[in-house]
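Notes for the structure review
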Amino acid sequence: MTDLTLTVNGKRVTRDVPGETLLSELLRETLRLTGTHVGCDTSQCGACAVHMDGKVVKACTMLAHQAAGTEITTIEGLANGELHPMQKAFNDNHGLQCGFCTPGMIMAGVDMVQRYKAEGKTLDEAAIRHELEGNLCRCTGYHNIVKSIQQAATEM
Amino acid sequence: MSVAQPLPHDAARGHVTGAARYVDDIPVPRGCLHLAFGLSAEAHGAITALDLDAVRAAPGVVAVLTADDLPYANDVSPSAHDEPLLATGTVHYVGQPIFAVVADNHLAARRAARLGRIEIDPRPALLTLDDALAADARFEDGPRIYRKGDAAAAIAAAPRSLQGVIEIGGQEHFYLEGQAALAVPQDDGGMLVHASSQHPTEIQHKVAEALGLAMADVRVEVRRMGGGFGGKESQGNALACACAVAARLTGRAVKMRYDRDDDMVVTGKRHDFRIRYRVGFDEVGRIAGVEFVQYARCGWAQDLSLPVADRAMLHADNAYHLEHARIESHRLRTNTQSATAFRGFGGPQGMVGIERVLDHIAHDLGRDPLEVRRVNYYAAARDTNAGGGLSAPRSATPSPPEGISAKMNEADLASRGAMHEAVEPEGPVAEPPPEVQTTPYHMPVTDFILHEMTDRLAETADYPARRAAVRDWNADNATLKRGIALTPVKFGISFTLTHLNQAGALVHVYQDGSIHLNHGGTEMGQGLFQKVAQVAASRFGVGPERVKITATDTAKVPNTSATAASSGSDLNGMAAQAACDTIRDRIAGFLAELHQADPGSVRFDAGYVQVGGERYTFEEAVSLAYQNRISLSATGFYKTPGIEWDRIAGRGRPFFYFAYGAAVTEAVIDTRTGEYRLLRADILHDAGASLNPALDIGQVEGGYVQGAGWLTTEELVWDDRGRLTTHAPSTYKIPACADRPDVFNVALWDGANRAETVYRSKAVGEPPLMLGISALMALSDAVAACGPGYPALDAPATPERVLAAVAQVRA
């Protein structure tokens, strides 16, 4: 066991966890933040996406200790009293069905909007589709997911 | 009224905030244990030695179970009792569970499961259709055959004829949430099971058998699944039974979730098919007679393969009137995963068969495939009054056959696999009047609306002009070739095992006017809970926010059928409506008496109850009823009327009605690499009078993409030892965001269902998947532009297959 300190959703957390603990395990089992889902266990489906220091990472193939000293934001930390514009957009545009991929989609969506804004680039539909290649959805056919991110991009 | 509003999914807020819980997210009692299976590495053989000492000694391991440790039934089959939870002496496929490890965490269990030393004396394995045919390894005695007219004579007499064969691959469900179950022992010896399952009653039944308990001792709760698609109709039995047995043994809660690779290796998938065809036709492409031979690769255990293969036969006509047809079906046993339910349940494979035939005829004649399709369409429904349709009024219809033959007593009655024994219908199946067109199984087609739908879609999608543009493009471009295709869908709605077409609901109205809704359907993302809640709200004339949606629970509504066969809203919506109406009628009767009015004149609307000149809020009316000792709780029950058929003879009315749809897809291929893109898809789909157009359009969009994925990029590959080599998303390619057509237009047809369904809506779960067939046919059209030959494209039409087909048509 080794002490690990990091910030999760704005709160400083110190836990004694084995070195092989995955970040997804720390979040889901130790901290009970089960909105971060594990879909494929191999960082391909994106259901486990969270933010580390403001950038999207896949928590199911990252060691918890690799996140030492960083700031992690999960889907539970996104809303600030009211829904984040990305969350609201997925709700309003029917951007979900079974909902399992949704947290990862939202975290990826927030990351891409922020990144494009910071770089002064336009996040058009084609760019969203390209950027979402690392997040799989089996229910929706992606149509409403793209619409949701487009709407949020205008509101963030 | 709440019905027909495009409300968001009931749990949308929970999903976007991460609050919505799946099985693996449920807080577990202290000391919860975790399970993993040790799997067979051989496709077929006898277990000669099983040394599990290293497994038992591994860190965190609490117990190890083999078949000998199971106290009662070692059976997770939904049909023929041919599927042990843990292997008994012989293994039948690579991935079959042989032992179970119980450990104090998920990864410890998985790591230990790799340490078993299993010696297997290999036996010859049947891996392919040809292997199974050569060995005559099948389920059921021989091929099933459905006949109408004399196909062979009609083909012989026709001016033209051709024949061919298409291979159609299977499909991995790839529900984003893998299989999962959690068993919690109860203080009375009973068991509570949370399962990611489309069929809680099946889980209850199998767990009861595994524990030697009565069904009443087992309670199964399903709040939601992270996708199902048929893959959670029977495939969750193993996890639930293993957890329950381990929980009984240890006295602790036990949880299991398959790692994705294990999920893909262990569980069944869509059946792959080979379909041979021979067809006779005239100069305009009208089919005179057609013969199909369908070969289904069922895998090692029977599971639901018989009704799947039946449904493939029942959709061999799709939208086309076949005067003379012969359909032969072989259900073949192989040493691979036991193929199972997958959205469409055999229907898609049968439909691809006839769509291939029409594409082939059109190519032979050099005609637009759409024209050939249209000359073969069933006759249009006569525009009788909307109240007519397939069914007589509900109160006047005869009941479906209730008698279950004694032969079925041993069967798993709540499972679609129960049809392993022939059930003869009671009395002869009525012949339709001669002027009505019938399917190859002799069911009259009286609700056919594809003429109008095709007209409208061809216009909105600009099909004729775009077909001309594709021709022009292909004349000018040597490397990139385009193709376009419009294909229709006609899908039969009802469980083909007639007795499953029943559902129950339980509704409580509390004294504050809030409503608690429960029914037998499960939520897997399709929006069933919201649609049924909208029905309930509409019956009481209140807003949907007043209806509390609750988890499916075998203790509230018993003896449920699987949420499958697209039946969820049709069955459970009607059952919920019946329960609500019972309570509403009691309130109305009481208020009418109070005001000396006619009970039929009491109105529930916009949050008020109107009786004579008096108007109460809904809360006031409920409170008054409570104070006057009126029961405010009711069950509701529904059974689909008017369906009756003989599955052995292939005669009768298996379906209450048909759901329709049509899609146009345009694709472009690179003739040098075989790579392709879907450029545009236009869809018009029939959801009847939609209960919730936003949710229904979501089903259509997702269904099309899933269907197109099945027929294009989703390729399952087994090696020559029977190992599935495509066991992760790295090698098994489901559509990603950029694979979707660049332009994607989806609309709902605006007609009401002619059959008396809930608010005249139509089932919408499975039918849209088959809209994806237009993608395969668009690729065929593009390949056909490369040379004189017929593409004869197999599915999935991967870039490799497209490239090979390009070479073949040029040869």
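What you are looking at is a predicted structure, and each value in this text was computed from that prediction instead of being measured.

**What to know about the overall build of chain B**
For chain B, the helix and strand inventory stands at 19 helices and 29 strands. By the compact-globule yardstick of 28 Å for 811 residues, chain B fits well, its C-alpha radius of gyration being 27 Å. Taken along its principal axes, the extent of the C-alpha atoms in chain B is 80 × 80 × 55 Å. Counting all 811 residues of chain B, 65% fall into the buried class. Looking at chain B alone, contacts between residues at least 24 apart form 81% of all its contacts between residues at least 6 apart. Carbon together with sulfur atoms contributes 49% to the accessible area of chain B, which is approximately 26,900 Å² in total. Across chain B, the mean location of the 77 positive side-chain charges is 2 Å away from that of the 98 negative side-chain charges.

**Digging into the sheet that holds strand β29 (residues 743-749) of chain B**
All names here are of chain B. With mixed pairing, the 4 strands of this open sheet are ordered in space as β16-β27-β28-β29. Each having just a single partner strand, β16 (480-493) and β29 make up the two edges of the open sheet. The sheet shows a mean angle of 15° between the axes of neighbouring strands, taken without regard to direction. The sheet contact formed by β16 and strand β27 (residues 657-670) spans 14 bridges and is antiparallel. Bridged to Phe 491 within β27 is Ala 659. The strands touched by helix α12 (residues 450-460) within the sheet are β16, β27, β28 (676-686) and β29, with β28 carrying the most contacts at an inclination of about 135°. Sitting on the sheet, helix α13 (residues 463-476) touches β16, β27 and β28, and the angle it makes with β16 is about 145°.

**A short note on the pattern of salt bridges**
This structure, assessed with the given rule, holds 62 salt bridges over all chains. When the shortest N-O distance is used, the salt bridge between Glu 714 of chain B and Arg 138 of chain A registers 2.7 Å. Of the two residues, Glu 714 of chain B is situated in the loop between α17 (693-712) and β29 and Arg 138 of chain A in the loop between α4 (125-131) and α5 (143-155); the pairing between them involves two chains. The pair formed by Glu 714 of chain B and Arg 138 of chain A is uniform in burial state, with each residue classed as buried. Three or more residues joined by partner-sharing salt bridges are found here, namely Arg 28 and Asp 41 of chain A together with Asp 24, Asp 25, Lys 255 and Arg 257 of chain B.

**Some words on the packing of α17 of chain B against helix α18 (residues 773-784) of chain B**
Residues and elements named next belong to chain B. Relative orientation of the contacting elements α17 and α18 amounts to 45°, with a least axis distance of 7 Å. The angle between α17 and α18 falls in the class oblique. Contact residues: α17 offers Tyr 704, Ala 708, Leu 711 and Thr 712, while α18 offers Ile 773, Ser 774, Ala 775, Leu 776 and Leu 779. Here the residues of the contact of α17 with α18 are counted per class, giving 7 nonpolar, 2 polar and no charged.

**Brief notes about the interface of chain A and chain B**
Listed as interface residues are 45 residues of chain A and, on the opposing side, 54 residues of chain B. A combined buried area of about 4,000 Å² lies between chain A and chain B, and 54% of that area is made up of carbon and sulfur atoms. At the junction of chain A with chain B, the criterion picks out 6 salt bridges. Across the pair Asp 742 of chain B and Arg 129 of chain A runs a salt bridge whose closest N-O atoms are separated by 3.7 Å. Along the contact surface separating chain A from chain B lie 23 residue pairs in polar contact (both at pLDDT 80 or more). If you list the elements that add at least two residues to the side of chain A that touches chain B, you get α1 (23-30), α2 (85-92), α3 (102-118), α4 and α5 of chain A. For the side of chain A that touches chain B, the class distribution of residues is 19 nonpolar, 16 polar and 10 charged.

**Description of the nonpolar core**
Counting residues in each nonpolar core, the largest one holds 158 residues, and the members touching the most others are Ile 287, Phe 292, Phe 540, Ile 587, Phe 618, Ile 669 and Tyr 704 of chain B. At 12 residues, the largest contribution of residues to this core is made by helix α15 (residues 568-595) of chain B.

**Quick notes on α2 of chain A**
Considered for burial, the residues of α2 of chain A that qualify are Met 86, Gln 87, Ala 89, Phe 90 and Asn 91 of chain A. If you follow the buried residues of α2 of chain A, they end up packed against α3 and α5 of chain A together with α1 (12-17) of chain B. Positive backbone phi, at 55°, marks His 94 of chain A, one or two positions downstream of α2 of chain A.

**Side note on the sheet that holds strand β3 (residues 49-52) of chain A**
All names here are of chain A. Strands sit in the order β2-β1-β5-β3-β4 across an open sheet of 5 strands; the sheet is mixed. On the outer flanks of this sheet lie β2 (11-17) and β4 (55-58), each paired with one strand and no other. When strand polarity is set aside, the average angle formed by the axes of neighbouring strands in this sheet is 40°. Bridge count between strand β1 (residues 2-8) and β2: 7 bridges; the pairing is antiparallel. Across the sheet, Thr 2 pairs through a bridge with Val 17, a residue of β2. Where α1 meets the sheet, its contacts fall on β1, β2, β3 and β5 (71-73), and the angle it forms with β1 comes to roughly 80°. Against the sheet, α3 touches β3, β4 and β5, its axis set at about 40° to β3.

**Quick look at the pairing of β1 of chain A**
Residue and element names in this part refer to chain A. Hairpin connection from β1 to β2: 2 residues lie between these consecutive antiparallel strands, with Asn 9 at a positive phi of about 50°. Sheet topology places β1 next to β5; 2 bridges connect them, and they run parallel. By the bridge assignment for β5, Val 8 is matched with Ile 72.

**So, the packing of helix α10 (residues 347-365) of chain B against α18 of chain B**
Residues and elements named next belong to chain B. Running from N to C, α10 and α18 point in directions that differ by 25°, and their axes come no closer than 11 Å. In terms of their interaxial angle, α10 and α18 are classed as roughly parallel. As for the relative orientation of α10 and α18, their crossing is right-handed in sense. Contact residues: α10 offers Pro 348, Met 351, Val 352, Glu 355, Arg 356, Asp 359 and His 363, while α18 offers Ile 773, Leu 776, Met 777, Ser 780 and Ala 784. In terms of residue class, the contact of α10 with α18 is made up of 7 nonpolar, 2 polar and 3 charged.

**A word on the state of the cysteines**
Note: disulfide means a covalent bond formed between the sulfur atoms of two cysteine side chains. The final tally for this structure, using the stated rule, is 0 disulfides over all chains. In this structure Cys 40 of chain A is a free cysteine whose sulfur lies 3.9 Å from that of Cys 45 of chain A, the closest cysteine sulfur available. Overall, Cys 40 of chain A belongs to the buried group, its relative accessible area being 1%. Free cysteine: Cys 241 of chain B, not disulfide-bonded; nearest cysteine sulfur from Cys 243 of chain B at 9.5 Å.

**Some points on the domain arrangement of chain A**
Residue and element names in this part refer to chain A. The domain architecture assigned to chain A consists of domain 1 (2-78) and domain 2 (85-155). With centres defined by C-alpha atoms, the gap from domain 1 to domain 2 works out at 21 Å. Contacts between domain 1 and domain 2 engage 19 residues on the former and 14 residues on the latter. Across the interface of domain 1 and domain 2, roughly 1,300 Å² is buried in total on both sides, 64% from carbon and sulfur atoms. The interface formed by domain 1 and domain 2 includes 0 salt bridges. Where domain 1 touches domain 2, the interface holds 6 residue pairs in polar contact (both at pLDDT 80 or more). When contributions to the side of domain 1 that touches domain 2 are tallied by element, the ones reaching two or more residues are β3 and β4.

**Considering the side chain of Thr 552 of chain B**
Residue and element names in this part refer to chain B. Residue placement: Thr 552 occurs in strand β20 (residues 552-553). Of the polar contacts made by the side chain of Thr 552, one reaches the backbone oxygen of Gly 521; its length is 2.8 Å. Non-local contacts of Thr 552, meaning those with residues more than four positions away in its chain, are made with Pro 200, Val 220, Glu 221, Val 222, Asn 518, His 519, Gly 520, Gly 521, Thr 522 and Phe 529.

**Thoughts on the side chain of Gln 97 of chain A**
Mapped onto the elements, Gln 97 of chain A comes out in the loop between α2 and α3. On the basis of relative accessible area, Gln 97 of chain A is assigned to the buried category, the value being 10%. At 3.1 Å, the side chain of Gln 97 of chain A and the side chain of Gln 699 of chain B are in polar contact. The residues contacting Gln 97 of chain A, other than those within four sequence positions of it, are Cys 139 and Thr 140 of chain A together with His 9, His 15, Gly 525, Gly 698 and Gln 699 of chain B.

Criteria and cut-off values
Position numbers for residues start from 1 in each chain and track the written sequence from start to end. Each chain takes a letter, starting from A, and each ligand takes a number, starting from 1, following the order in which they are written. Given that this is a predicted model, residues contribute local features only at a pLDDT of at least 70 and side-chain atom pairs are listed and counted only at 80 or more, while totals for whole chains, interfaces and linings are drawn from all residues. The basis for every side-chain value is the complete set of heavy atoms in the structure, and neither hydrogens nor water enter the calculation. Elements are defined by DSSP. Helices are runs of H or I of four residues or more, strands are runs of E of two residues or more, and each kind is numbered from the N terminus. In this description the radius of gyration comes from C-alpha coordinates, and the expected globular size is given by 2.2 Å times residues to the power 0.38. Accessibility here uses a 1.4 Å probe with only protein chains present; expressed as a share of the type maximum, an area under 20% marks a residue as buried, one over 50% as exposed, and anything in between as partly exposed. In what follows, a contact means two residues having at least one pair of non-hydrogen atoms within 4.5 Å. Note on areas: Shrake-Rupley with a 1.4 Å probe; residue coverage comes only from the protein chains shown. Positive residues here are Lys and Arg, negative ones are Asp and Glu, while His and the chain termini are left out of the count. Positions of charges follow a simple convention, taking NZ of Lys, CZ of Arg, CG of Asp or CD of Glu. Strand pairing is defined by DSSP finding a minimum of two bridges between the two strands. In this analysis, axes come from line fits to C-alpha atoms, helices being fitted only over the stretch in contact, and the angle between any two N-to-C directions falls in the range 0 to 180 degrees. When a carboxyl oxygen of Asp or Glu is within 4 Å of a side-chain nitrogen of Lys or Arg, the pair counts as a salt bridge. Angles are sorted into four bins: roughly parallel if under 35 degrees, roughly antiparallel if over 145, roughly perpendicular if 65 to 115, and oblique for all others. Any residue that is not Ala, Val, Leu, Ile, Met, Phe, Trp, Tyr, Cys, Pro, Asp, Glu, Lys or Arg is counted as polar, Gly included; the first ten are nonpolar and the last four charged. When two parts are put together, the accessible area they lose, computed with a 1.4 Å probe and summed over both, is reported as buried area. Polar contacts, as counted here, are pairs of nitrogen or oxygen atoms within 3.5 Å of one another; within protein the pair requires one atom able to donate a hydrogen and one able to accept it, and residues that are adjacent in sequence qualify only if both atoms are side-chain atoms. Here, nonpolar core means buried Ala, Val, Leu, Ile, Met, Phe, Trp, Tyr and Cys residues that are tied together by side-chain atoms lying within 4.5 Å of each other. Whether a crossing is left-handed or right-handed is set by the direction in which the near helix is turned from the far one by less than a right angle, anticlockwise for left-handed and clockwise for right-handed. Counting rule for disulfides: a pair of cysteine sulfur atoms within 2.5 Å. All domain edges in this entry derive from an automatic or database-based domain assignment.

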